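Okay, here's what each chain looks like letter by letter:
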Protein chains: 4
Amino acid sequence: MKLVNSGAAPELRGPGRPRDEEARRRILDAAIELLEEVGFSSATVDAIAERAAASKATVYRWWPNKASVLTEAFRETWAPNLAFPETGSLRQDISEQLRNFSAFLITRKGRLLAALVAGAQQDEEIATALREIWIVPLRTASGKVLGRYRASGELAVDVDVVQDLIYAPFYYQLLTGYKPITAAYADAIADAVLAGVMRRKP
Amino acid sequence: MKLVNSGAAPELRGPGRPRDEEARRRILDAAIELLEEVGFSSATVDAIAERAAASKATVYRWWPNKASVLTEAFRETWAPNLAFPETGSLRQDISEQLRNFSAFLITRKGRLLAALVAGAQQDEEIATALREIWIVPLRTASGKVLGRYRASGELAVDVDVVQDLIYAPFYYQLLTGYKPITAAYADAIADAVLAGVMRRKP
Amino acid sequence: MKLVNSGAAPELRGPGRPRDEEARRRILDAAIELLEEVGFSSATVDAIAERAAASKATVYRWWPNKASVLTEAFRETWAPNLAFPETGSLRQDISEQLRNFSAFLITRKGRLLAALVAGAQQDEEIATALREIWIVPLRTASGKVLGRYRASGELAVDVDVVQDLIYAPFYYQLLTGYKPITAAYADAIADAVLAGVMRRKP
Amino acid sequence: MKLVNSGAAPELRGPGRPRDEEARRRILDAAIELLEEVGFSSATVDAIAERAAASKATVYRWWPNKASVLTEAFRETWAPNLAFPETGSLRQDISEQLRNFSAFLITRKGRLLAALVAGAQQDEEIATALREIWIVPLRTASGKVLGRYRASGELAVDVDVVQDLIYAPFYYQLLTGYKPITAAYADAIADAVLAGVMRRKP
DNA sequence: ATCTAATCGAGACGGTACGTCGAGTCTTCCC
DNA sequence: GGGAAGACTCGACGTACCGTCTCGATTAGAT
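Please read these numbers as outputs of a predicted model, since none were measured by experiment.

Cut-offs and rules
- Numbers given for residues are sequential positions, taken from 1 along each chain in its written order.
- Numbering of ligands from 1 and lettering of chains from A proceed in the order in which they are written.
- Where totals are concerned, whole chains, interfaces and linings use all residues; where local detail is concerned, this predicted model gives features only for residues with pLDDT of at least 70, and gives and counts side-chain atom pairs only at 80 or more.
- In computing side-chain values, all of the structure's heavy atoms are included and hydrogens and water are not.
- Note on contacts: a residue pair qualifies if any of its non-hydrogen atoms lie within 4.5 Å across the two residues.
- Here a residue is near a molecule or strand as soon as one of its heavy atoms is found within 4 Å of it.
- We define a polar contact as two N or O atoms separated by no more than 3.5 Å, with the added condition that, inside protein, one atom must be a possible hydrogen donor and the other a possible acceptor, whereas residues neighbouring each other in sequence contribute only through side-chain atom pairs.
- Helix and strand assignments come from DSSP, with helices taken as H or I runs of at least 4 residues and strands as E runs of at least 2, each series counted from the N terminus.
- Each residue carries a pLDDT score, the predictor's own confidence in it, on a scale running from 0 to 100.
- Buried surface area refers to the total accessible area, computed with a probe of radius 1.4 Å, that the two partners give up upon joining, counted for both partners together.
- A pairing counts as a salt bridge when a side-chain nitrogen of Lys or Arg comes within 4 Å of a carboxyl oxygen of Asp or Glu.

## Thoughts on the arrangement of the chains
- Chain B makes no contact with chain C; the smallest distance between any of their C-alpha atoms is 16 Å.
- The two units chain B and chain D are non-contacting; their minimal C-alpha-C-alpha distance is 10 Å.

## Quick look at the protein's contact with DNA strand F
- Surrounding DNA strand F, one finds 51 residues, the nearest of these being B:Gly16, B:Thr58, C:Tyr60, D:Asp20 and D:Thr58.
- The sugar-phosphate share of atoms of DNA strand F within 4 Å of the protein amounts to 64%.
- Between C:Lys66 and DNA strand F, the recorded distance is 3.4 Å, taken from a backbone N or O atom to a phosphate oxygen.
- D:Arg26 places a polar side-chain atom, nitrogen or oxygen, 3.2 Å from a phosphate oxygen of DNA strand F.
- Secondary-structure elements contributing two or more residues to the surface near DNA strand F are α2 (45-51) and α3 (56-62) of chain A, α3 (56-62) of chain B, α2 (45-51) and α3 (56-62) of chain C together with α3 (56-62) of chain D.

## Some words on the confidence of the model for chain A
- Scored by pLDDT, chain A comes out at a mean of 88, with 92% of its residues at no less than 70.
- Taken as a whole, residues 1-11 of chain A scores under 50 in pLDDT and shows three contacts with residues more than four places along the chain or in a different chain.

## Considering the interface of chain A and chain B
- Listed per partner, the contact involves 49 residues of chain A and 47 residues of chain B.
- Taking both sides of the interface into account, the surface hidden between chain A and chain B amounts to around 4,300 Å²; carbon and sulfur atoms contribute 63%.
- The largest share of the area that chain A buries against chain B comes from A:Tyr172, A:Val197 and A:Met198, three residues that together contribute 17% of it.
- Between the two partners, chain A and chain B, sit four salt bridges.
- Here B:Lys179 and A:Asp160 are joined by a salt bridge, their closest N and O atoms 3.4 Å apart.
- Counting every contact that joins chain A to chain B gives 26 residue pairs in polar contact (both at pLDDT 80 or more).
- If you list the elements that add at least two residues to the side of chain A that touches chain B, you get α5 (90-105), α6 (108-122), α7 (124-152), α8 (159-176) and α9 (183-195) of chain A.
- In terms of residue count, α8(A) provides more of the side of chain A that touches chain B than any other element does, 13 residues in total.

## Considerations on the interface of chain C and chain D
- Every contact between the two is made by 47 residues of chain C and, on the other side, 49 residues of chain D.
- Between chain C and chain D lies a buried interface of about 4,300 Å² when both sides are counted; carbon and sulfur atoms form 63% of it.
- Of all residues in chain C, the largest losses of buried area upon contact with chain D belong to C:Tyr172, C:Val197 and C:Met198, amounting jointly to 17% of the total for that side.
- On inspection of chain C and its partner chain D, the count reaches four salt bridges.
- Counting across the chain C and chain D interface gives 26 residue pairs in polar contact (both at pLDDT 80 or more).

Here is the structure:
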């Protein structure tokens, strides 16, 4: 007879050796490290397994393919620690957020975002993960605050469009390397988005 | 209009069989076709060579690797689409350009840009090619026109920032798939960039 | 007769999937077949792998290059033919051995020896393999028997020289195609070597 | 009007530039040099052409394939400068010849012979050349002298067999590298062939 | 205290693409 | 028309990565 775990324990286990959680962690950590070092398609499964001191079989027992490993590695590693500020001033909120965002992008994790976006082009799983773990949470968080400005009439255009305008330039720079991402750049974008690029009629 | 080089030979050729320009075209065409049919990473060099009725050796004589072939193929396909309109009205110029740009991005060929940006994250060669072949020429073309508006005072912010604001959202959507790219979206971006997102004081 | 290793494990194996001995056999068999069908330089590794239902990677995991595969395939095929007769009569031993040797050389497999010797001229690896796998074992086997005749005084010259005299002519014919190799030729060589070519003084 | 070369001129010529005999020589010399340096199959046509400061087209205009070039190179270079001595003594004739032969084999040209034999296994043209320019002339020369000893009864076995016995061991050593070729070796072979390997009855 | 079953590291396997190299052909310009 | 230069097709080579597999060795719960 089988007992149902009282309370929370979701995973009822039969006999046999249980999954080695430490190995799982080592694999995910190795995956992240390699991604940061060599990029998406150069992070081979062999290399991940070797660095994790695990075997390829273990990798493929728990993930159906390379993309899934990387996807889960992203999910686990990524705490989207980019709370949207709420100072009461629209200008200040956006300005602060963009400075924080640009500071984040130039960290190692920021570069990882580039690898993630790249991976998303080749693999739908990664594309989904990108949206779920990063794009949507970020927009939801900022959307709440911006929504209030929109409701109050202080914001003249739809929240979605505002979000595109303020965030997209940083992705663009991150992915094309056209210009370096700096605090000054963040300010320039914030100002231009808020006031528009056309001269105001006097 | 095309200027004829006065005097100096346009391309002085040494001895030896000249490069077979037709083969070059066949290879690039085959590359584009395969890119559209099966995507970036499934377009193999063998398949390109076979479809082009060329040999792999010829491919590798002129391009150092698979990525270079695909990059150049992409550039050749896109070259005609660089024109920036010049109607005299800043609003209309930007609006038209963004409609054209968005129309292009949703074609199959447009989707290739995503693959190219992805490739650039792992391969510095592609990154360089992307900048030199695509980013810079596009910005130069639009920069000329926008520069005049800036000089006349009609444009209140630097040309570079304007370019980031108007183009980046489309890259963002292309790469994240968050929202579909449509003509309406192009208009919304154009309007918001021109007027700013903040309510105007009456 | 085979000795069983007392005590110690005959072949202590580390962890990991053991080598697939069947695949090894299939590869060597395929190599021999192709060698016989199309010759040394037309037997490609791709063809060997395909016929063996193996992958090229497996071939190259165990042999450093094409020549090594073919060399080992050759050795495996020839291993049974090394026996040197021992009838008690020097004349008969040599005569029988040369008839066997000549009979072998004119089979298709025998012709492979020519290819092997040719390969050895350009590839030190093949040269080494040829010596270690073929030349030396053959001479060792015949050397044991001839050594006894030498010790008993029946043989008037050094074993090494005798071996050169009896075997070399067959290599010579095999490689130059000057004369066909027949049983009669084998007998003629045997007689001449034993008695010498000079008329005996009465 | 065209003058006929007085005397010998065998080749009446059409219009156009005549064949560049110097280029022909350079190609053949380069072929021989490369053969000596790197062996038969590593002497590529590209390398030959480059060393000869000629073009591949010139090579292929005059020779149908790589083997033919090498064949002709052999023929041109090779003066079979191995006259068979005729001292009146069978023993001395053979002894001297084998010393000369062994001295020849350890020169660069001797090593070339190994390449030639190797090439003969892959190419019938080379095999024919080997016989025509080397094997047959050498045997013909020695056959004349040996024939007289055979007629006088001093030689107890057929000339062909004698030739095989005295020459073959040197080819064997040349091609297998089993033992070094020295004057002492030559003497040992000569003695054994003349007297036979069996103990003489008292 | 076994027995059973699932997991682990190690590493070989089939498959498939990559990028390189040699043979032999062809094309252009120069003499 | 010959010759140097050099591009071309064809096809084999040897390498690398993916995802699968098969070992012996562990490690639990079930008996």
